[in-house]
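Here are the chains, one letter per residue:
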Amino acid sequence: MVTIRLTNSKTRRKEEFRPIDPSDVRMYVCGPTVYDRAHLGNARPVVVFDTLYRLLRHVYGPDHVTYVRNFTDVDDKINAEALRRQKAGASGTLEELIHQRTEETIAWYDADMDALGALRPNHEPRATEFIGQMIAMTEGLIASGHAYAVEGHVLFRVRSYKDYGNLSGRSVDDMIAGARVEVAPFKEDPMDFVLWKPSSGEEPGWESPWGKGRPGWHIECSAMAHELLGESFDIHGGGLDLQFPHHENEIAQSACAHPHGDFAHYWLHNEMLQVEGKKMSKSLGNFFTVRDLLDQGIPGEVIRFVFLMTHYRSPMDWTAEKARQAQATLRKFYLLASEALDNVGPYIGVTNALADDLNTAQAVYELHQLANAGDTPNLRASLRLLGFMDNGVPEWARSPVVDLTGQTERLIELRNAAMASKDFSAVDALKSALIAAGVEVRMSKAGVELVPGPDFDPAKLEALQ
RNA sequence: GGCGGGUUGGCGGAGAGGUUACGCAGCGGAUUGCAAAUCCGUGAAGACCGGUUCGAUUCCGGUACCCGCCUCCA
């Protein structure tokens, strides 16, 4: 069996992956807060962990991996959007408008991630479906002295968990020294974070022992991971920006609530996506969504391939040039793979590259080797392992089916005449018109061949008739 | 201020203490009426300064610059 090695943020080392139960490998990844379209940065972890999911399915069997990715549908930004709609005259209660907004966003998200070739996780839980578990977990933490209720809030007592800060490599004292956060007066300690907070009049809320309120962000993931994967599971993933405080807090809550479990064994963090060397953000104006790119005609597979070109633990710059290059490369691979026999498994070089801490850049190198060697069956199977061709070769990568025999005959005729007369102007005129229509013109001693290219435009060809 | 990551040829981007990464672009050639496509070949690198070593781009230390987290951002 292939040995998978992963860089574990918990130990800061590349370690051999040993699942708790090879017949049920369990992975949790932090999903989006569903207040708007997913931006391109949101897509990176989706592709990274989809690749890992596919590798795990390949190694342990498709039925022996459980992948959970949540939707955070309790959030101020969601409430704000629902409120805006209500004020703009939308009908329905605020709760209904919130639900409408989150379901709409979830549908967008699923559609956009489908376009990237990401498999749906086995579970996509919504936070609002697990409020009961969150309340129960919070009660347990209070009972065991790890949390306290005050003024409608419940706060986690950070000093009660001695390992707090281990994941992110920070000490509580250092953090307080550098803190720039305003500290709520009711906190016992500035580092304490909220497990439950009260909801004011128009905000959505649930009844709880501490009054009407809603869960804190961190407890959501802890509760859902516990409910769906148990006290101990294998892999917890997410973007590097979530390492602190989100993941640190998740560990603290879960470790204290379930002292017999050890939560996630391997923590994986993907580096950030950048645009022009800077993190994507609305304030910098370098913000765009996956849908924006798809609408511009950049296929989802191309976006996926661009992500795969860079190792997941390196920052990655999105550029138009990369997309162009990725599309050309993918087209070449697809062309070779489309005619290949489907009778082998993925190339061991590709599997090994992925098994080595998800070295997708190395895997791409291996694909080039296969293409150069003409090993199309392995190329095909390897592309599939990497999440391409789930639905065959996409339309954009296929040569359009058009009958060009008329044009071909005409060109041959003109060329033969020109060969005799040495006047090539008529041939060249037809040739440039064909090229302008996106047709590749291949002339040799043997004859003339016309192949519709990527930019083939039937309308321009029509004009030639 | 605290913590973490990075700096590889024109661009993208890996591995490895000594052996061509690779892709794109470029250049040369074959081919072509000219092109395109294809094929063959090819130059070019590892921020800076020290150290360890027979040998470092790869290990160690320092400097510079870049990026991120410390704000319910993937």
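Residues numbered from 1 in each chain as written. Chains lettered and ligands numbered in written order. Predicted model: local features only at pLDDT ≥ 70, side-chain atom pairs only at ≥ 80, totals over all residues. Heavy atoms only, no water.

K.L.:
What is the right way to look at the pairing of strand β1 (residues 5-8) in this model?
P.N.:
Successive side chains on a regular strand alternate, one facing one side of the sheet and the next facing the other. Here β1 pairs with strand β2 (residues 13-16) via 4 bridges, running antiparallel. Looking across to β2, one finds that Leu6 is bridged to Glu15. Taking the residues that link successive antiparallel strands as the turn, the β1-β2 hairpin has 4 residues, and the phi of Arg12 there is positive, at about 60 degrees. (Pairing = 2+ DSSP bridges. Helix = DSSP H or I, 4+ residues; strand = E, 2+ residues; numbered from the N terminus.)

K.L.:
Whenever I open this one, the pattern of salt bridges confuses me. Can you help?
P.N.:
Opposite charge on two side chains permits pairing when their charged atoms draw close. Across all of its chains, the model carries 26 salt bridges by this definition. Residue Glu81 is joined to Arg84 by a salt bridge in which the shortest nitrogen-to-oxygen separation is 3.0 Å. Placement of the pair is Glu81 and Arg84 together in helix α2 (residues 76-87), with a separation of 3 residues, close to one helical turn. Each of Asp36, Glu81, Arg84, Arg85, Arg101 and Glu104 takes part in one network of salt bridges that share partners. (Salt bridge = Lys/Arg side-chain N within 4 Å of Asp/Glu carboxyl O.)

K.L.:
Would you take a moment to explain the protein's contact with RNA strand B for this structure?
P.N.:
Taken together, 52 residues surround RNA strand B, and among them Lys197, Leu242, Lys278, Lys279 and Lys445 come closest. A breakdown of the atoms of RNA strand B within 4 Å of the protein gives sugar and phosphate a share of 57%. Within the side chain of Lys322, an N or O atom sits 3.2 Å from a phosphate oxygen of RNA strand B. Ranked by residue count, the leading element in the surface near RNA strand B is helix α12 (residues 360-373), at 6 residues. (Near = heavy atom within 4 Å. Polar contact = N/O pair within 3.5 Å; in protein donor to acceptor, adjacent residues only side chain to side chain.)

K.L.:
What's the story with empty space enclosed by the protein in this structure? I'm lost.
P.N.:
Unoccupied space between atoms shows up once a probe the size of one water molecule is rolled over them. The final tally for this structure, using the stated rule, is 1 cavity of 30 Å³ or more. The calculated volume of the largest cavity comes to roughly 70 Å³. Mapped by element, the contributors of at least two residues to the lining of the largest cavity are α1 (40-60) and α9 (300-308). Examining the composition of the lining of the largest cavity, we find that 4 residues originate from one element, α1, more than from any other. In terms of residue class, the lining of the largest cavity is built from 6 nonpolar, 3 polar and 1 charged. Counting residues domain by domain, the lining of the largest cavity receives three or more from each of domain 1 (5-270) and domain 2 (273-397). (1 Å grid on protein atoms, 1.4 Å probe; cavity = no way out; pocket = protein on both sides within 12 Å on 5 of 7 lines; lining within 4 Å. Points joined across faces, edges and corners; volume = space filled by probe spheres on them. Nonpolar A, V, L, I, M, F, W, Y, C, P; charged D, E, K, R; others polar. Domains from an automatic or database assignment.)

K.L.:
Just to check I follow, could you spell out the packing of aromatic side chains for this structure?
P.N.:
Any two aromatic rings considered together are summarised by their centre-to-centre distance and by the angle between their planes. On inspection of all chains with the given rule, the structure shows 11 aromatic pairs. Considering the side-chain rings of Phe71 and Tyr109, the 5.5 Å spacing of their centres and the 85 degrees angle between planes classify their relative orientation as edge-to-face. On the criterion of sequence distance, the pair formed by Phe71 in the loop between β4 (65-69) and α2 and Tyr109 in helix α3 (residues 94-115) is long-range, its members being 38 residues apart. Each member of the pair, Phe71 as well as Tyr109, is classed as buried. On the basis of an interplanar angle of 80 degrees and a centroid distance of 5.2 Å, the ring pair of Phe233 and Phe263 is categorised as edge-to-face. On the criterion of sequence distance, the pair formed by Phe233 in strand β9 (residues 232-239) and Phe263 in strand β10 (residues 263-270) is long-range, its members being 30 residues apart. Each member of the pair, Phe233 together with Phe263, is buried. A connected cluster of aromatic rings, assembled from ring pairs, spans Phe17, Tyr60 and Tyr266. (Phe/Tyr/Trp six-rings, centres within 6.5 Å; stacked < 30°, edge-to-face > 60°. Buried < 20%, exposed > 50% of the residue type's maximum accessible area, 1.4 Å probe, protein only.)

K.L.:
Please explain the environment of Lys77 as it appears in this structure.
P.N.:
In this fold, Lys77 is placed in helix α2. Judged by its relative accessible area of 45%, Lys77 is partly exposed. Sequence spacing of Lys77 and Pro394 is 317 residues, and the spatial spacing of their C-alpha atoms is 36 Å.

K.L.:
Even after reading the chapter, I still don't get the confidence of the model for chain A, so can you show me in this structure?
P.N.:
Low pLDDT means the predicted atomic positions in that stretch should not be read closely. Per-residue confidence for chain A averages 90 on the pLDDT scale, and 98% of its residues sit at or above 70. Taken together, the chains of this predicted complex give a pTM of 0.93 and an interface ipTM of 0.92. (pLDDT = per-residue confidence, 0-100.)

K.L.:
Sorry if this is basic, but what is going on with the domain arrangement of chain A here?
P.N.:
Accessible area lost on assembly of the parts is the figure often given for the size of an interface. Structurally, chain A comprises domain 1 (5-270), domain 2 (273-397) and domain 3 (405-462). With 32 residues of domain 1 at the contact, the number on the domain 2 side is 38 residues. For the pair domain 1 and domain 2, the two sides together bury roughly 2800 Å², of which 63% comes from carbon and sulfur. The largest contributions to the domain 1 side of the interface with domain 2 come from Leu40, Arg44 and Leu116, which together make up 27% of the buried area. Viewed at the interface, domain 2 and domain 1 are joined by 4 salt bridges. Among the salt bridges present, the one from Asp50 reaches Arg304, with a minimum N-O distance of 2.7 Å. Linking domain 1 to domain 2 there are 14 residue pairs in polar contact (both at pLDDT 80 or more). Listed by contribution, the elements that provide at least two residues to the side of domain 1 that touches domain 2 are β1, α1, α3 and β10. (Contact = heavy atoms within 4.5 Å. Buried area = accessible area lost by both parts, 1.4 Å probe.)

K.L.:
I keep staring at unusual backbone geometry and nothing clicks. Help me out?
P.N.:
Of note, the bond from Phe244 into Pro245 is cis; its omega dihedral lies within 30 degrees of zero at 0 degrees. By secondary structure assignment, the location of Pro245 is in helix α7 (residues 243-257). Despite not being glycine, Arg12 has its phi angle at roughly 60 degrees, a positive value. Mapping Arg12 onto the fold places it in the loop between β1 and β2. Its identity as a non-glycine residue notwithstanding, Phe263 has a phi of 55 degrees, on the positive side. For Phe263, a relative accessible area of 7% translates into the label buried.

K.L.:
I would appreciate a short explanation of the sheet that holds strand β11 (residues 273-275) in the present structure.
P.N.:
What the 3 strands build is an open sheet, ordered β12-β11-β13; its pairing is mixed. Strands at the two margins of the open sheet, each flanked by one partner only, are β12 (278-279) and β13 (316-318). Here β11 runs beside β13; their pairing, made up of 3 bridges, is parallel. Bridge pairing in β13 links Val275 to Trp318.

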